[in-house]
Amino acid sequence: MPTSTPIHAQDIRHQIHPYTNAVKHRTVGPLVIDRGEGIYVYDDQGNKYLEGMAGLWSVAVGFGEPRLVEAASRQMGKLPYYHTFTHKSNAPSIALAERLIGYTQGRMSGAFFTNSGSEANDTVIKFVWYYNNALGRPLKKKIIARQRGYHGVTVASASLTGLAGNHRDFDLPLPQMKHTACPHHYRHAQPGESEEDFATRMAAELEALILQEGADTVAAFIGEPVMGAGGVIVPPRTYWPKIQAVCRKYDVLVIADEVITGFGRLGTFFGSDTYGIEPDIMVLSKQITSSYVPLAAVLVSPKVHETIAENSGRVGTLGHGYTASGHPVATAVALENLNIIEERKLVENAARSGEVLQQELRALAGHPLVGEVRGVGLIAGVELVADKASKRPFDPLGKAGAYAYEQAHAHGLIIRGIQDTVAFCPPLIITPDQVRDMVARFVRTLEDVSRFVAA
């Protein structure tokens, strides 16, 4: 990878990159992406890549969509910025709030806007605490997340995240955040345990944790319908109904983190639709604007909405918000992005192209390096293992996944290595033929990985 051009050298000298080994970066330098078109992006050397991760699980309508550029430009010319503090508002944010609530068919009634999923989950924590204080339950503040769950990187949201790399040397997690087991049957099932029995055990372990902590201290449970950054973990079909039953039993709010799964990723409009989740709070981001501009939303159910509103009356204000909450340009782009998703039937396309993705990847199940293929709709993970029969991972963990990530560039493919799981999450506009091309590039990458681990 070139590092001698001025722009590469400038990057190495001055930019701190997220999720990057800064010492290694001094040697390898950046892959500078210069432009994008549809499902493809191009680097500053002119190389073309099929973007198999939609950026960061997020570019629903593809790159270079002129309608989103035009929507941003129109709004910039009319009202480039205004806030939503102290009874102020703007037309795009009002329209988007109503539209998002409409998508939930009455399950939600209030929308609060932030700039990112991390900020949204940070907001969720504050709302949950505010809600329970309003109800006279000052001890009911703990929130249970899951090992390998991902909910953001602020101090509070990173505490919900169940990944060691997000905690190490940051003095996290905060003590109010607890973690229960990851619902990954392939890795965590007991010998001979069916998916049904595994789901039952996961719910029992959640209940045991609630009772151990004290039901009067546990406020909420948060989970992604399908876990993304933790390795594309697909739960058993009965997992979510069983988990919800436990939560309802102990008056624990259910929070659906739909940052990745919202707006069609699983072939349904929300991941909650796929798994029968009836959340008290929903968190949306990424595909809400196809990440053309930063935006996220927290949707709350009528009971949570009313309680928060009434408490702000008693306190005198809802003392929370961001300079860019309900930003007119971001919300205008979101509205046009949702228009495109609806007009082009991208949810249906995700289901159709997603079926091809799952079929093509599952055809690799017999490969000696492939331990498990998992996914739903247009999100999938292929877990690579050192020994297929015993499921033994590579040592060090992540060796094969990192090599696959790097080597895929040579085949014009951008994927993601999560430890030794290779993740796929292409734009929702991808066609079945393009899916086949993406998997063919991965097959060539897999051949390279085979030679690498053999050596």
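Look up: the structure comes first, before these words.
Residues numbered from 1 in each chain as written. Predicted model: local features only at pLDDT ≥ 70, side-chain atom pairs only at ≥ 80, totals over all residues. Heavy atoms only, no water.

Can you help me understand the overall build of the protein chain in this one?
The secondary structure content of the protein chain amounts to 16 helices and 15 strands. For the protein chain, whose C-alpha radius of gyration is 22 Å, the value lies close to the compact-globule estimate of 23 Å for 455 residues. By the burial criterion, 53% of the 455 residues in the protein chain qualify as buried. Considering only residue pairs separated by 6 or more positions, the protein chain has 70% of its internal contacts joining residues 24 or more positions apart. A total of about 19,200 Å² of accessible surface is found on the protein chain, and carbon and sulfur atoms cover 55% of it. Averaging the locations of the 44 positively and 46 negatively charged side chains of the protein chain gives two centres separated by 1 Å. (Helix = DSSP H or I, 4+ residues; strand = E, 2+ residues; numbered from the N terminus. Rg over C-alpha atoms; globule rule 2.2 N^0.38 Å. Buried < 20%, exposed > 50% of the residue type's maximum accessible area, 1.4 Å probe, protein only. Contact = heavy atoms within 4.5 Å. Areas by Shrake-Rupley, 256 points an atom, 1.4 Å probe, with all protein chains shown as cover. Lys, Arg positive; Asp, Glu negative; His and termini not counted. Charge placed at Lys NZ, Arg CZ, Asp CG, Glu CD.)

Explain the layout of surface pockets to me, please; I cannot follow it from the model alone.
Any empty space left between atoms is shown by rolling a water-sized probe over those atoms. Estimates place the volume of the second largest pocket at around 930 Å³. Surrounding the second largest pocket, 28 residues form its lining, T84, K88, A111, F112 and L318 being those nearest its centre. Sorting the residues of the lining of the second largest pocket by element identifies α5 (91-103), β4 (110-114), β10 (296-300) and α12 (302-315) as the ones contributing at least two each. Class assignment for the residues of the lining of the second largest pocket results in twelve nonpolar, 14 polar and two charged. (1 Å grid on protein atoms, 1.4 Å probe; cavity = no way out; pocket = protein on both sides within 12 Å on 5 of 7 lines; lining within 4 Å. Points joined across faces, edges and corners; volume = space filled by probe spheres on them. Nonpolar A, V, L, I, M, F, W, Y, C, P; charged D, E, K, R; others polar.)

I keep staring at the nonpolar core and nothing clicks. Help me out?
Soluble globular proteins tend to bury their nonpolar side chains together. Within the largest apolar cluster, 62 residues are counted, with the highest numbers of intra-cluster contacts made by L100, F263, L361, L384 and F442. No other element matches helix α13 (residues 328-343), which puts eight residues into this core. Core analysis: the next-biggest nonpolar cluster, separate from the first, contains 33 residues, V218, A229, V254 and I260 among them. (Core = buried A, V, L, I, M, F, W, Y, C linked by side-chain atoms within 4.5 Å.)

Where do I start with α5 in this structure?
Helix length check: α5, at 13 residues, gives a terminal C-alpha distance of 19 Å against a target of 18 Å (1.5 Å per residue), a fit within 8%. Burial in α5 covers these residues: P92, S93, L96, A97, L100, I101 and Y103. Relative to the axis of α5, the buried residues are bounded by an arc of 160° and lie together on one face. Turned more than 90 degrees away from the buried face of α5, the exposed residues are A91, I94 and E98. On its buried face, α5 is in contact with α4 (66-78), β4, β9 (281-284), β10 and α13. (Expected span 1.5 Å × (residues − 1). Arc of directions from axis to C-beta.)

Is there a simple way to think about the pattern of salt bridges in this case?
Charged atoms that come close allow side chains of opposite charge to pair. Inspection of every chain in the model, using the stated rule, returns 21 salt bridges. Notably, a salt bridge pairs K24 with E406, separated by 2.9 Å at the nearest N-O pair. Of this pair, K24 sits in helix α2 (residues 22-28) while E406 sits in helix α15 (residues 399-408), and the two are 382 residues apart along the sequence. Across the salt bridge formed by R187 and E383, the nearest N and O atoms sit 2.8 Å from each other. A residue pair is termed long-range when its members are at least 10 positions apart, and R187 in helix α8 (residues 185-188) and E383 in strand β12 (residues 379-384) qualify at 196 residues. Taking relative accessible area as the criterion, E383 reaches 8% and is therefore assigned buried. When salt bridges that share partners are traced, they join R187, E372, R374 and E383 into one network. (Salt bridge = Lys/Arg side-chain N within 4 Å of Asp/Glu carboxyl O.)

What is the right way to read the packing of α15 against helix α16 (residues 432-454) from this model?
The relative placement of two packed helices comes down to the angle between their axes together with the axis-to-axis distance. As a packed pair, α15 and α16 sit with axes 9 Å apart at the nearest point and diverge in direction by 135°. Judged on the interaxial angle alone, α16 and α15 are oblique. Remark: the crossing between α15 and α16 carries right-handed chirality. The segment α15 lies against α16, with K399, A400, Y403, A404, Q407 and A408 engaging T445, D448, V449, F452 and V453. Looking at the contact of α15 with α16 residue by residue, the class counts come to seven nonpolar, two polar and two charged. (Axes fitted to C-alpha atoms, helices over the stretch in contact; angles between N-to-C directions. Parallel < 35°, antiparallel > 145°, perpendicular 65-115°, else oblique. Left-handed = near helix turned anticlockwise from the far one by under 90°.)

It is not clear to me how the sheet that holds strand β15 (residues 421-424) should be interpreted in this structure. Could you clarify?
What holds strands together in a sheet is hydrogen bonding between their backbones, with the strands either parallel or antiparallel. Strand order in this open sheet of four strands is β11-β12-β15-β14, and the pairing throughout is antiparallel. Of all the strands in the sheet, the pair left with one neighbour each is β11 (370-376) and β14 (416-418). Each adjacent strand pair in this sheet contributes to an overall mean axis angle of 25°, direction not counted. As paired elements, β12 and β15 share four bridges and run antiparallel to each other. Residue pairing across strands places E383 opposite T421, the latter belonging to β15. (Pairing = 2+ DSSP bridges.)

I would appreciate a short explanation of α15 in the present structure.
An α-helical segment advances 3.6 residues per turn. Residues three or four places apart therefore align on the same side. Along α15, the positions that sit buried rather than exposed are A400, G401, A404 and A408. Buried positions in α15, seen along its axis, are confined to an arc of 100° and lie on one side of it. Among the structural elements, β12, β13 (413-414), β14, β15 and α16 are those in contact with the buried residues of α15.

Hey, could you run me through the packing of aromatic side chains in this one?
Any pair of aromatic rings gets described here by the distance separating the centres and the angle formed by the planes. Using the criterion set out here, one finds ten aromatic pairs in the structure. Taking 5.9 Å as the distance between ring centres and 75° as the angle between the ring planes, the aromatic pair formed by F221 and W240 counts as edge-to-face. Here F221 is found in strand β7 (residues 218-223), whereas its partner W240 is found in helix α10 (residues 239-249), with 19 residues between them in sequence. A residue is classified by how much of its surface remains accessible, and W240, at 0% relative accessible area, is buried. (Phe/Tyr/Trp six-rings, centres within 6.5 Å; stacked < 30°, edge-to-face > 60°.)

Explain the pairing of β4 to me, please; I cannot follow it from the model alone.
Every regular strand shows the same layout, with side chains that alternate between the two sheet faces. Judged by how many residues are buried, β4 sits mostly within the fold: four of five residues are covered. Taken together, the five bridges between β4 and β10 define a ladder with antiparallel strand orientation. Counted as the bridge partner of F113 is A297 from β10.

What is the right way to read the environment of Y103 from this model?
Relative to the elements of secondary structure, Y103 occurs in helix α5. Distance in space between the C-alpha atoms of Y103 and V439 is 33 Å, their sequence separation being 336 residues.

The values are spatial; any link to function lies outside them.
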